Number of protein chains: 2
Amino acid sequence: MSAQPTVIQPRIVEVRQNILKRNDELAHDLRQRFQAAGVFVVSLVSSPGSGKTAFLEKTLTLLKQRQYRPAALVGDLATDNDAARLARSQAPVKQITTGTLCHLEAAMIDKALEDWKLEELDFLFIENVGNLVCPSSYDLGENLRLVLLSVTEGEDKPLKYPTIFNSSDVAVVTKLDLAEAVEFDWNAAHANIQAVRPGMPVLGVSAKTGQGMDAWLASLASHRR
Amino acid sequence: MSAQPTVIQPRIVEVRQNILKRNDELAHDLRQRFQAAGVFVVSLVSSPGSGKTAFLEKTLTLLKQRQYRPAALVGDLATDNDAARLARSQAPVKQITTGTLCHLEAAMIDKALEDWKLEELDFLFIENVGNLVCPSSYDLGENLRLVLLSVTEGEDKPLKYPTIFNSSDVAVVTKLDLAEAVEFDWNAAHANIQAVRPGMPVLGVSAKTGQGMDAWLASLASHRR
């Protein structure tokens, strides 16, 4: 039932390693700048359509209501639809369009922040391009990486995309309002997440109904402390 | 609202072009072998969790019932869960695990087919790794490429991932049984698909209820002729 893939060319591996090394150095600098400015940085990764933008819009809105100063960078191959959606929260938002690249890199974050004063922010959210593979190797200087998984995607995604779950800090199960309609098996999903990354915290939310958002914000506040 | 991405290194572009050129040559050979053997080859691309495997299992089962001889290759980074699911259709199925690669390549198809007699097949389905970016540039020798989009992912996916929609021949909107629960806007999704690839045929299906499957099989038969 199994066939081996072709081997990646040594030369492309070498080039990729150089790119990753430069990215890591820049991410390290970013992390120091974020800490000095007192801004807590959270990145979000998931499949396309897992509900990152809806979750983030709700998060920004609630944080604003609670007198925090959040902002967001959002990555996509094309369009600035997501930035337009997030801007409804009244938080500062900037779109990064990557063209054909399937992930954000630290250099893009650095450039996007050029004209922002980090000291005026409490939270910075970075929504990565929707992809369960490419973003996993790129450190963006974040303090916390969330991997989102919607109930409609199937419980076995963590087993199929182990690297992205392994490189994340918290798993967020989204679209809980649809859980019944798709017969989502929470215990199976939870077990699969734990199989890939033992001890990983798992939150459940619905941006539509607000379910689970208070627990998420409490968790966010405790991570920041 | 927009920041420019970093420029990809010229050297990595060159290496990538060489890989793509070799892939195209091998895909060309595969396509000739498929034609000589009389097998019609359909590849499937989509986000993770769009329902490729459920759609394919239903398709294989219905084709078997109608006395066709279908088979499937299925790609994933890890696990052979999908092959196990598809094998329930009684069609020959083989899993290709790609490790960290986010797409299938022609060489993997070539290797996976080594011990299969193509003359004994009417249809070969190739389910790519769940990803809306990486698979678009890799020709697998298929006759028809389907891009799947589930109603839960949002209507704007074609605008955000134009290349994969542009490189596909038919769009299939999946999980129609959930359309009402997520307030899916068919006209908006259709318009976005047409904006990216004018004239693209769009089918709607639910593998769960069977809705739209007859029209899909009729379309498949007409493509084969």
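Look above for the structure.
About the thresholds
Residues numbered from 1 in each chain as written. Chains lettered and ligands numbered in written order. Predicted model: local features only at pLDDT ≥ 70, side-chain atom pairs only at ≥ 80, totals over all residues. Heavy atoms only, no water. Helix = DSSP H or I, 4+ residues; strand = E, 2+ residues; numbered from the N terminus. Buried < 20%, exposed > 50% of the residue type's maximum accessible area, 1.4 Å probe, protein only. Contact = heavy atoms within 4.5 Å. Areas by Shrake-Rupley, 256 points an atom, 1.4 Å probe, with all protein chains shown as cover. Lys, Arg positive; Asp, Glu negative; His and termini not counted. Charge placed at Lys NZ, Arg CZ, Asp CG, Glu CD. Buried area = accessible area lost by both parts, 1.4 Å probe. Salt bridge = Lys/Arg side-chain N within 4 Å of Asp/Glu carboxyl O. Polar contact = N/O pair within 3.5 Å; in protein donor to acceptor, adjacent residues only side chain to side chain. Nonpolar A, V, L, I, M, F, W, Y, C, P; charged D, E, K, R; others polar. Pairing = 2+ DSSP bridges. Axes fitted to C-alpha atoms, helices over the stretch in contact; angles between N-to-C directions. Parallel < 35°, antiparallel > 145°, perpendicular 65-115°, else oblique. Left-handed = near helix turned anticlockwise from the far one by under 90°. Least-squares fit on C-alpha atoms with pLDDT ≥ 70 in both. Disulfide = S-S within 2.5 Å.

## Overview of the overall build of chain A
Looking only at helices and strands, chain A features eight helices and eight strands. Seen along its three principal axes, the alpha-carbon backbone of chain A occupies a region of about 55 × 45 × 35 Å. Scored against the burial criterion, the 225 residues of chain A give a buried share of 56%. Considering only intrachain contacts with a sequence separation of at least 6, the fraction spanning at least 24 residues in chain A is 73%. Accessible surface, chain A as shown: approximately 9,100 Å² in total, 49% of it carbon and sulfur. A distance of 2 Å separates the average location of the 24 positive side-chain charges in chain A from that of its 27 negative side-chain charges.

## Some details on the interface of chain B and chain A
If you look at the interface, chain B gives 60 residues, while chain A gives 60 residues. Approximately 4,900 Å² of surface area, both sides summed, lies buried where chain B meets chain A, with 59% of it carried by carbon and sulfur atoms. Taken together, the links from chain B to chain A amount to six salt bridges. Put simply, Asp82 of chain A and Lys160 of chain B hold a salt bridge, and the shortest N to O gap is 2.7 Å. Connecting chain B to chain A are 13 residue pairs in polar contact (both at pLDDT 80 or more). Only strand S1 (2-3), helix H1 (10-37), helix H3 (81-87), strand S4 (93-97), helix H4 (106-112) and helix H5 (157-160) of chain B provide two or more residues apiece to the side of chain B that touches chain A. Across the side of chain B that touches chain A, the residue classes tally to 29 nonpolar, 15 polar and 16 charged.

## Considering the pairing of strand S6 (residues 144-150) of chain A
Residue and element names in this part refer to chain A. Of all the seven residues making up S6, seven are buried; the element is thus mostly covered by neighbouring parts of the structure. Relative to S6, strand S2 (residues 40-45) runs parallel, the two being bridged by four bridges. Along S6, the bridge assignment pairs Ser43 with Arg145. Judged from the five bridges that link them, S6 and strand S7 (residues 170-174) form a sheet pairing that is parallel. Within S7, the position partnered with Leu146 by the bridge is Val170.

## Observations regarding the packing of helix H2 (residues 52-65) of chain B against helix H8 (residues 213-224) of chain B
Residues and elements named next belong to chain B. Close contact between H2 and H8 brings their axes to 11 Å; oriented N to C, the two are set at 70°. On the basis of the axis angle, H2 is roughly perpendicular to H8. Considering the relative orientation of H2 and H8, their crossing is right-handed. Residues Phe55, Lys58, Thr59, Leu62 and Leu63 of H2 touch H8, and the partners they reach there are Met213, Trp216, Leu217 and Leu220.

## A few points about the relation of the copies chain B and chain A
In the superposition of chain B on chain A (RMSD 0.0 Å, axial shift 0.0 Å), the rotation amounts to 180°. On this basis, the relationship between the two copies can be described by a two-fold rotation axis. An overlap of 100% is found between the interface residues of chain B and their copies at the interface of chain A, pointing to a shared contact surface.

## Quick word on the state of the cysteines
All names here are of chain A. This structure, assessed with the given rule, holds two disulfides over all chains. What pairs with Cys102 in a disulfide is Cys134, and their sulfur atoms sit 2.2 Å apart. The sign of the S-S torsion, about -95°, decides the handedness of the disulfide formed by Cys102 and Cys134: left-handed. Residue Cys102 is found in the loop between strand S4 (93-97) and helix H4 (106-112), and its partner Cys134 is found in the loop between strand S5 (123-127) and S6; the two are separated by 32 residues along the sequence. Note on accessibility: Cys102 and Cys134 belong to one class, buried.

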